[in-house]
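# Fold and geometry: a report
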Amino acid sequence: MTQPATPAGPPPNPERIFNTFNAYQQTAALKGAIELDLFTAIGEGNDNPEALAKRCQASVRGLRILCDYLVIGGLLEKEGGRYRLTRDTAVFLDRRSPAYLGSAINFINSEHLMDNFRDVAAIVRKGGTTRDGDSALEPEHPIWVEFARNMATLVGPSAEGISQLIDARNAPEWKVLDIAAGHGLFGINVAKNNPKAKITALDWPNVLTVAEENARKWGVQDRYQKLPGSAFDAEYGSGYDIVLLTNFLHHFDAATCRQLLGKVHRSLQSGGRAVTLEFVPNEDRVSPPAAAAFSMMMLGSTPAG
């Protein structure tokens with residue numbers, strides 16, 4: 001039998017394939033480290049297995065193996081038997097950091113989202129999620145409360161970026177609609193930058209509870225009102241200067257998005273603007289990696305894929 005031709009260059013190496021086979025262990029190890037508060041413990045100065053085991057209430061051998069594994073994965077550094085945080089983990093995984101985003105794993109690696117990818121062959125055959133009747137897009141699905149509580153710190157830079165993009169600081173009194181507000185930080189950030197802005201947050205009632213908590217936390221609750229319901233069914237009203245559609249349109253097919261955007265357009269006053277935040281790949285559909293790879297997330301988690 002003739003062997004298939006191989007490209008010129010180094011001989012074939014199955015390492016990447018085996019690493020991908022075992023990639024679930026990387027996710028599990030990071031989740032476990034966050035649950036043990038390992039990165040915070042190292043940031044506090046506990047830099048050896050014995051000290052870490054005492055601080056994290058775990059076995060010495062278990063902590064050593066976990067830390068070594070994280071060193072291999074580039075999430076820790078090791079020298080002379082002592083561990084230290086990398087620049088990234090110091091900023092994003094030490095709980096004392098204002099940019100801490102470890103809580104995001106509670107949503108990103110939730111059982112519901114992980115279960116979407118138990119059978120990728122099936123979702124590829126179908127062209128969308130196989131979880132009929134249990135889609136995250138069902139009314140008042142509890143996963144969006146998890147999203148609102150755990151993803152807020154992740155979007156801080158994007159929320160500030162949108163406020164700068166629309167020049168909120170130098171704007172007049174604004175009427176703003178925040179669709180699928182979630183944690184509410186996009187509308188709240190506009191209100192922080194523009195003391196005359198009044199925000200209407202639209203989402204499911206259980207999710208708006210979290211947004212309202214954040215509005216109080218940031219001191220804009222007197223200019224923050226809730227509009228409970230579906231973005232497709234709720235009556236928006238009219239005369240909005242700004243409508244925010246952040247990380248929302250990617251859940252729906254093109255026809256549904258056009259329908260929604262028509263409704264948004266009718267709610268705007270003359271000269272009003274709709275602002276969206278999305279994962280947008282290049283035309284090759286494989287770059288940039290983070291934006292392009294998001295297509296797989298949507299394929300497995302939304303009805304239209």
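The structure we're discussing is the one just above.
The sections below set out a description of the structure shown in this document.

Thresholds applied
- Residues numbered from 1 in each chain as written.
- Predicted model: local features only at pLDDT ≥ 70, side-chain atom pairs only at ≥ 80, totals over all residues.
- Heavy atoms only, no water.
- Helix = DSSP H or I, 4+ residues; strand = E, 2+ residues; numbered from the N terminus.
- Buried < 20%, exposed > 50% of the residue type's maximum accessible area, 1.4 Å probe, protein only.
- Contact = heavy atoms within 4.5 Å.
- Areas by Shrake-Rupley, 256 points an atom, 1.4 Å probe, with all protein chains shown as cover.
- Lys, Arg positive; Asp, Glu negative; His and termini not counted.
- Charge placed at Lys NZ, Arg CZ, Asp CG, Glu CD.
- Axes fitted to C-alpha atoms, helices over the stretch in contact; angles between N-to-C directions.
- Parallel < 35°, antiparallel > 145°, perpendicular 65-115°, else oblique.
- Pairing = 2+ DSSP bridges.
- Core = buried A, V, L, I, M, F, W, Y, C linked by side-chain atoms within 4.5 Å.
- Left-handed = near helix turned anticlockwise from the far one by under 90°.
- Nonpolar A, V, L, I, M, F, W, Y, C, P; charged D, E, K, R; others polar.
- Phe/Tyr/Trp six-rings, centres within 6.5 Å; stacked < 30°, edge-to-face > 60°.

Within the chain one finds 15 helices and 7 strands. Each of the three principal axes of the chain carries a C-alpha extent, and together these read 65 × 60 × 35 Å. Within the chain, buried positions represent 42% of all 305 residues. Long-range pairs, those at least 24 residues apart, make up 64% of the contacts in the chain with a sequence separation of at least 6. Counting every atom, the chain has about 17,300 Å² of accessible surface; 54% of that belongs to carbon and sulfur. If you average the places of the 31 positive and of the 34 negative side-chain charges in the chain, the two averages end up 3 Å apart.

We now examine the packing of helix α4 (residues 49–56) against helix α5 (residues 60–72). Packed helices, taken two at a time, are described by the angle their axes make and the gap between the axes. Here α4 crosses α5 at 110°, and the two axes come no closer than 8 Å. One element, α4, and the other, α5, form an angle in the roughly perpendicular class. Contact residues: α4 offers P49, E50, L52 and A53, while α5 offers V60, L63, R64 and C67.

The next subject is the side chain of S230. Mapped onto the fold, S230 is located in the loop between β5 (224–228) and β6 (240–246). Overall, the relative accessible area of 13% leaves S230 in the buried class. Not counting residues up to four positions away in its chain, the partners in contact with S230 are L202 and W204.

Take the sheet that holds strand β3 (residues 175–179) next. Overall, parallel pairing links the 5 strands, which are arranged β5-β4-β3-β6-β7 in an open sheet. Looking at the sheet topology across the chains shown, the edges are occupied by β5 and β7 (268–277). The mean angle between the axes of side-by-side strands here comes to 20°, regardless of whether they run parallel or antiparallel. Relative to β6, β3 runs parallel, the two sharing 4 bridges. Directly across from V176, in β6, lies its bridge partner I242. Against the sheet, helix α12 (residues 185–193) engages β3, β4 (198–203), β5, β6 and β7, with an angle of about 140° to β6.

Quick look at unusual backbone geometry now. Across the junction of S287 and P288, the peptide omega takes the value -15°, indicating a cis bond. Relative to the assigned elements, P288 resides in the loop between β7 and α15 (289–301). Unusually for a residue other than glycine, D167 sits at a positive phi of about 55°. Within the secondary structure, D167 sits in the loop between α11 (156–165) and β3. Residue D167 is classed as partly exposed on the basis of its relative accessible area, which comes to 38%.

On to the nonpolar core, then. Among the nonpolar cores identified, the biggest contains 26 residues, and I166, W174, V190, Y224 and L244 are the most heavily contacted of them. For W174, the residues in contact, after removing those within four places along its chain, are I166, D167, A168, V190, N194, K196, A197, K198, D241, I242 and R273.

Next up on the list: the pairing of strand β2 (residues 82–85). Within a regular strand, the side chains alternate between the two sheet faces. Here β2 shows one buried face, formed by Y83 and L85, and one open face, formed by R82 and R84. Note: strand β1 (residues 76–79) against β2, 4 bridges, orientation antiparallel. In the strand pairing of β2, L76 is matched with L85. The turn joining β1 and β2, which pair antiparallel and follow one another in sequence, is formed by 2 residues; a positive phi near 60° is taken by G80.

Our focus in this paragraph is the environment of D37. Note on placement: D37 falls in the loop between α2 (23–35) and α3 (38–43). Sequence spacing of D37 and D94 is 57 residues, and the spatial spacing of their C-alpha atoms is 8.1 Å. Those residues within four positions of D37 in sequence are excluded, and the remaining contacts are R55, C56 and R95.

Here we take up the packing of α11 against α12. Packing of α11 against α12 brings their axes to within 9 Å, and their N-to-C directions diverge by 50°. Classified by the interaxial angle, the pair formed by α11 and α12 is oblique. For the pair α11 and α12, the sense of crossing is right-handed. Contacts between α11 and α12 involve S158, A159, E160, I162 and S163 on the former and, on the latter, L185, F186, N189, V190 and N193. Of the residues belonging to the contact of α11 with α12, the class tally is 5 nonpolar, 4 polar and 1 charged.

Another point: the packing of aromatic side chains. Summed over the entire model, instances satisfying the criterion amount to 8 aromatic pairs. Pairing F107 with F147 gives two aromatic rings, centres 5.1 Å apart and planes at 75°, and the pair type is edge-to-face. Highlighted residues: F107 in helix α7 (residues 105–108) and F147 in helix α10 (residues 143–150), separated in sequence by 40 residues. Neither F107 nor F147 differs from the other in exposure class; each is buried. Geometrically, the ring pair formed by W144 and F147 is edge-to-face, given 5.6 Å between the ring centres and 70° between the ring planes.

These figures capture arrangement, not role.
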